[in-house]
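Residues per chain, in single letters:
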Amino acid sequence: MKTPLHVTLRRLFRTYFYLLIAKLLKTKETKSVVDIKEIKTILIIRPNYRIGNLIFLTPLINAIHKNMPDVKIDMIVGMKIAGKILEPMPNINKVIDIPRSLLLHPIKLYNFIKEARQIRYDLAINIVSGSISSQIVAILCNAKYKASTTSEQNITSLTHTVDYQGIYKHSGLQTLEFLKLFNLPMPQENLVLDIKLSTDEIQTAQNELKDLLQTHNLSQESKTIALFRNARFEKKIADEWWQEWHKALLLHDNSIVVIDILSPDILNKLNDKCLEYSNKDLRALSAFFKACSIYVSADTGPLHLASASGANVFALFNKTDVATYGTLGEDNLTLDINGMSPQAVAQSSYDYLQKSVNSVKE
């Protein structure tokens, strides 16, 4: 379908508006290293609307906390619910969400950022240097130092740049290259996503799972699988496929309890043999994933949320690259299911379930 003329004109106006703002600003000499002693507040800029991409910021957030424990971080993101997920993390002060509509209206966006400019940060980090919306936020924010990766597409007046080298293949780890800003080493161990669930959050989820099993007269020792069936576009696995998978899984052990995670897009459970669970609080939902024996889904935002909760994650990939987007964590498993039958995947699911349950007993 051809792009409508008004959309093309709006995009052109937005691009040239941003370029004009950039040219009005004084260019500063860029450096590669920031003195850690000068940094007490950081603004991370990532106005994105996908859960997975925001969860992918947690390795950088946690690395900053580990190396600079007194530094407080504010974030400018796209999703309103991001604050609920990320604000409880130890070093996060505030998460500011930009409504999607503002990105289409530069003047309204300017007024929005003007309010944020009341706070002056020691350092602002634009995660995606080529994003126009990210750059306009970086231009308008109030920070002593501004940094991003080196890019010919950058129109922001930066004080510091990072040469991206592709040290990490996984998309969720690539932000760790921003540690070069502080002359910190690139971590090679414990490379995981982590939203830092509290003990209380974990205990509450465990109690919810126990109550759910008790309500259906099921053993508290049941092997439980949290199943999330939704995914974007071609990554989604058809319900008919899941039905076959579930049927084959129960042939291995008919006492396995599959808990179908419902959402605004998945309103009804897979079948009558499944239990169901839903929670609008995404941290509580992630803790429930962790409470279950394993979590199973295709490549989707909740997959990475589950990984960031410390759940045992079994990821089924049919389109996206496993090395770039597969689940992180030594005990997690990502399976390329192309060419595999639901029965074969059910066998692998059962094997992973058994391994996960046995490791807990040990």
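To keep things clear, this report deals only with the structure shown in the data block. Computed from a prediction, not measured in an experiment: that's the story for all the values here. (Residues numbered from 1 in each chain as written. Predicted model: local features only at pLDDT ≥ 70, side-chain atom pairs only at ≥ 80, totals over all residues. Heavy atoms only, no water.)

**Observations regarding the sheet that holds strand S5 (residues 143-149)**
What counts is decided by this rule: Two strands are counted as paired when DSSP detects at least two bridges linking them. Where helices and strands are cited, they refer to DSSP runs of H or I of at least four residues and of E of at least two residues respectively, numbered from the N terminus. Interaxial angle, 0 to 180 degrees, is taken between N-to-C directions of lines fitted to C-alpha atoms, where a helix line uses only the stretch in contact.
An order of S3-S2-S1-S4-S5-S6 is seen for the six strands of this open sheet, with the pairing classed as parallel. One side of each edge strand has no neighbouring strand; the edge strands of this open sheet are strand S3 (92-97) and strand S6 (160-162). In this sheet, adjacent strand axes meet at a mean angle of 20° when their direction is disregarded. Here strand S1 (residues 41-46) runs beside strand S4 (residues 121-126); their pairing, made up of four bridges, is parallel. Bridged to Ile42 within S4 is Leu123.

**Quick word on the pairing of strand S7 (residues 224-228)**
Rules: Think of it in three bands: with a 1.4 Å probe and only protein chains considered, a residue is buried below 20% of the maximum accessible area for its type, exposed above 50%, and partly exposed in between. Handedness of a crossover is defined as follows: orient the strands so they point away from the viewer, and if the path from the first strand over the helix to the second runs clockwise, the crossover is right-handed.
Most of S7 is tucked away: five of the five residues are buried. What you see with S7 is no split at all: Thr224, Ala226 and Phe228 on one side and Ile225 and Leu227 on the other are buried throughout. In this sheet, strand S8 (residues 257-261) lies alongside S7 in parallel orientation, the contact comprising four bridges. Bridge pairing links Ala226 to Ile259 in S8. Note on the crossover from S7 through helix H8 (residues 239-252) to S8: the handedness is right-handed.

**Things to note about H8**
One full turn of an α-helix is made of 3.6 residues, so residues set three or four places apart face in the same direction. How we decide: For a helix, the expected span equals 1.5 Å multiplied by the number of residues minus one.
With 14 residues, H8 extends 20 Å between its outermost C-alpha atoms, agreeing within 8% with the 20 Å of an ideal straight helix rising 1.5 Å per residue. Three or more residues of H8 are buried, namely Trp241, Trp242, Trp245, His246, Ala248, Leu249 and Leu250.

**Some thoughts on the nonpolar core**
Applicable threshold: For the purposes of this section, nonpolar cores are sets of buried Ala, Val, Leu, Ile, Met, Phe, Trp, Tyr and Cys residues that join through side-chain atoms within 4.5 Å. By the convention used here, residues are in contact when the closest approach between their heavy atoms is within 4.5 Å.
Grouped together as the largest cluster of nonpolar side chains are 70 residues, with contacts concentrated most on Ile42, Met75 and Ile259. Element by element, the count of residues in this core is highest for helix H9 (residues 282-291), at five residues. Discounting residues that sit within four places of it in the chain, Ile42 has contacts with Ile64, Val71, Lys72, Ile73, Asp74, Tyr121, Leu123, Ile125 and Phe182. Ranked by size, the runner-up nonpolar core spans 27 residues in total, among them Trp242, Leu270, Phe314 and Leu353.

**Thoughts on the sheet that holds strand S9 (residues 275-277)**
The strands that make up a sheet are held in pairs by hydrogen bonds between backbone atoms, and each pair lies either parallel or antiparallel. Reading across from one edge, S9-S8-S7-S10-S11-S12 is the order of the six strands in this open sheet, with parallel pairing throughout. The open sheet is flanked by S9 and strand S12 (333-336), the only strands paired with a single partner. Taking each pair of neighbouring strands and ignoring which way they run, the sheet shows an average axis angle of 25°. Judged from the four bridges that link them, strand S10 (residues 294-298) and strand S11 (residues 313-317) form a sheet pairing that is parallel. Bridge pairing in S11 links Tyr295 to Val313. Against the sheet, H9 contacts S7, S8, S9 and S10, and its axis sits at roughly 165° relative to S8.

**Overview of a nonpolar patch on the surface**
Selection criterion: For patches, a residue must show more than 30% relative accessible area and have no salt bridge; joins then use 9 Å for like charges and 5 Å for nonpolar side chains, namely Val, Leu, Ile, Met, Phe, Trp and Tyr. Only the protein chains shown count as covering a residue, and every accessible area follows the Shrake-Rupley method with a 1.4 Å probe. Salt bridges are identified by distance alone: a Lys or Arg side-chain nitrogen within 4 Å of an Asp or Glu carboxyl oxygen.
Where nonpolar side chains cluster on the molecular surface, the patch consists of Leu5, Leu9 and Leu12 and spans about 300 Å² of accessible area. Turning to its location among the elements, Leu12 is positioned in helix H1 (residues 5-24).

**Section: the pairing of strand S2 (residues 72-77)**
In terms of burial, S2 is largely enclosed, as five of its six residues are buried. Two elements, S1 and S2, share six bridges in a ladder whose sense is parallel. If you follow Ile42 over to S2, its bridge partner there is Ile73. Where S2 meets S3, five bridges bridge the pair, whose relative direction is parallel. Bridge pairing links Val77 to Asp97 in S3.

**Side note on the packing of aromatic side chains**
Which entries qualify depends on this criterion: To pair, rings of Phe, Tyr and Trp, with the six-membered ring standing in for Trp, must have centres within 6.5 Å; the planes then decide the type, stacked if under 30 degrees apart, edge-to-face if over 60, and tilted in the middle.
The full count for this structure, using the stated rule, is five aromatic pairs. With a centroid separation of 5.2 Å and an interplanar angle of 90°, the aromatic rings of Trp241 and Trp242 are classed as edge-to-face. Ring geometry for Phe289 against Tyr295: centres 4.6 Å apart, planes inclined by 55°, an arrangement best described as tilted. Each of the two residues, Phe289 as well as Tyr295, counts as buried. Joined through ring pairs, the aromatic side chains of Trp241, Trp242 and Trp245 make up one cluster.

**Brief notes about the side chain of Lys146**
Relative to the helices and strands, Lys146 is located in strand S5. Look past the residues within four positions of Lys146 in its chain and what remains in contact with it is Leu123, Ala124, Ala138, Ile139, Leu140, Cys141, Ser157, Leu158, Thr159 and His160.

**Overview of H9**
Applicable threshold: Throughout this description, a polar contact denotes any pair of N or O atoms lying within 3.5 Å of each other; where both atoms belong to protein, one of them has to be capable of donating a hydrogen while the other can accept it, and for residues adjacent in sequence the pair is counted only when both atoms sit in side chains.
Counting buried positions along H9 gives seven out of ten residues, so the element sits mostly inside the fold. For H9, the set of buried residues is Leu282, Arg283, Leu285, Ser286, Ala287, Phe288 and Phe289. Where H9 begins, the side chain of Asp281 points an oxygen toward the backbone nitrogen of Arg283, at a separation of 3.0 Å.

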